[in-house]
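Okay, here's what each chain looks like letter by letter:
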Amino acid sequence: MAIELLPLPYARDALEPHISAETLDYHYGKHHQAYVTHLNNLIKGTEFEHAELEQIIEKSSGALFNNAAQIWNHSFYWSSLSPRGGGEPTGKLADAITAAFGSFAQFKEEFNKSAAGNFGSGWTWLVQHSGGSLGIVNTSNAATPITGNHQPLLTVDVWEHAYYIDYRNLRPKYLEAFWQLVHWEFAADNMV
C-alpha cells in the first residue's frame, strides 16, 4: 500500500489573499508531493512497505523518518488552515488558552514570538501536554510532537518555502496572515 498525498481540504486558491495559489502549487503540489514520492521509493521492499504513515514515523530514522514526518506535518498544517478561519477560538479551547497563557492576546504574542524566532527551518505548534494544559513547542526540520508526549492542536510551517513567494523573507508578515486562516474548530477537535 503506497502512501498517498492527501487532498487539500479546500481549493488551491481558497486561502487567498493570505496564501496564494502559486504558493500552494509549489508548497503542496511540488514540495509536499516530493516527500510522498521519496518515501514511497524508500519503503519499497522494506518492512515499512505496507505500514501506516504513523507507524513509519514511530519506528524509523534518517531519510525514512524525515520524509514520513514531513508528510504528516504538512497534512496537519493544511488542516490547521481554513478559508473560513481566523478570529478567536471558543469553548473549551478558548478556556484552555486563557488558563495557559492568561488571554488569547498573550497566547498570540507568545506564539508569534516563538514562530518568528524558530531558528532555521521547522514548525511551531500549539500542543496539549499529557496533563491537559496547553503549550507552544518549536520543532526543527522534520521533528513532530507526535513522537513525544504532546498532542498537536495546530501548527504553522516556518520553513521558508511556506511563505517566500508571498512574503519573501518576512516571516512576521506571514505569521500575521496565518492568524486570518487558523482553523480553530480543527484545533479544538484535536484536544483530548
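The sections below set out a description of the structure shown in this document. What you are looking at is a predicted structure, and each value in this text was computed from that prediction instead of being measured.

Once that is clear, we can look at the overall build of the protein chain. If you tally the helices and strands in the protein chain, you get eight helices and three strands. Taken over C-alpha atoms, the radius of gyration comes to 16 Å for the protein chain, in line with the 16 Å a tight globule of 192 residues would show. Within the protein chain, the proportion of its 192 residues that are buried is 48%. Intrachain contacts of the protein chain at a sequence separation of at least 6 include 66% that bridge at least 24 residues. Between the mean site of the 11 positive side-chain charges and the mean site of the 20 negative ones, the protein chain shows a separation of 4 Å.

A separate point is helix α5 (residues 104-116). Since one α-helical turn is 3.6 residues long, residues separated by three or four positions face the same way. If you check α5, its first and last C-alpha atoms are 18 Å apart, about what 13 residues at 1.5 Å a residue would give, namely 18 Å. Of all the residues in α5, the buried ones are F104, F107, F111, S114 and A115. Across the axial projection of α5, the buried residues extend over an arc of 95°, all falling on one side. Across from the buried face of α5, at angles greater than 90 degrees, the exposed residues are A105, E109 and K113.

Among the nonpolar cores identified, the biggest contains 62 residues, and L93, L126 and W184 are the most heavily contacted of them. Not counting the four nearest positions on each side in its chain, L126 is found in contact with L93, I97, F101, F107, F111, L134, G135, Q151, P152, L153 and L154.

We now examine the packing of α5 against helix α7 (residues 171-178). Between α5 and α7, the shortest axis-to-axis distance is 10 Å and the interhelical angle comes to 140°. One finds that α5 runs oblique with respect to α7. In this structure, α5 crosses over α7, and the sense of that crossing is right-handed. Within the contact between the two elements, α5 uses F111, N112, A115 and A116 and α7 uses R171, L175 and F178.

Taken in spatial order, the three strands line up as β2-β1-β3 in an open sheet, and their pairing is antiparallel. The open sheet has two edge strands with one neighbour each: β2 (134-140) and β3 (150-157). Pairwise comparison of adjacent strand axes, ignoring direction, gives a mean angle of 30° for this sheet. In this sheet, β2 lies alongside strand β1 (residues 122-129) in antiparallel orientation, the contact comprising seven bridges.

Let's shift gears to the packing of aromatic side chains. The final tally for this structure, using the stated rule, is 21 aromatic pairs. Here the aromatic rings of Y77 and W78 are separated by 5.0 Å at their centres, their planes lie at 50°, and the arrangement is tilted. For the pair formed by Y77 and W78, the shared burial category is buried. Ring centres of Y77 and W123 lie 6.2 Å apart, and the angle between their planes is 70°; on these two criteria the pair is classed as edge-to-face. Placement of Y77 in helix α3 (residues 62-79) and of W123 in strand β1 is noted, with a sequence separation of 46 residues between them. Across this residue pair, the class does not change: Y77 and W123 are buried. In this structure an aromatic cluster arises from ring pairing among Y28, W72, F76, Y77, W78, W123, W125 and F186. In this structure, K30 is placed above the aromatic ring of Y26, and the distance from its NZ or CZ to the ring centre is 5.9 Å.

Turning our eyes to something else, we now look at α7. Three or more residues of α7 are buried, namely R171, Y174, L175, A177 and F178. Angular distribution of buried residues about the axis of α7 spans 155°; they occupy a single face of the element. Turning to α7, the residues buried within the fold contact α3, α5, β3 and α6 (164-167).

Let's shift gears to the environment of V192. Tracing the backbone shows V192 in the segment after α8 (184-189). Beyond its immediate sequence surroundings of up to four residues, V192 is in contact with Q128 and Q151.

The rules behind these values
Residues numbered from 1 in each chain as written. Predicted model: local features only at pLDDT ≥ 70, side-chain atom pairs only at ≥ 80, totals over all residues. Heavy atoms only, no water. Helix = DSSP H or I, 4+ residues; strand = E, 2+ residues; numbered from the N terminus. Rg over C-alpha atoms; globule rule 2.2 N^0.38 Å. Buried < 20%, exposed > 50% of the residue type's maximum accessible area, 1.4 Å probe, protein only. Contact = heavy atoms within 4.5 Å. Lys, Arg positive; Asp, Glu negative; His and termini not counted. Charge placed at Lys NZ, Arg CZ, Asp CG, Glu CD. Expected span 1.5 Å × (residues − 1). Arc of directions from axis to C-beta. Core = buried A, V, L, I, M, F, W, Y, C linked by side-chain atoms within 4.5 Å. Axes fitted to C-alpha atoms, helices over the stretch in contact; angles between N-to-C directions. Parallel < 35°, antiparallel > 145°, perpendicular 65-115°, else oblique. Left-handed = near helix turned anticlockwise from the far one by under 90°. Pairing = 2+ DSSP bridges. Phe/Tyr/Trp six-rings, centres within 6.5 Å; stacked < 30°, edge-to-face > 60°. Lys NZ or Arg CZ within 6 Å of the ring centre and 35° of its normal.

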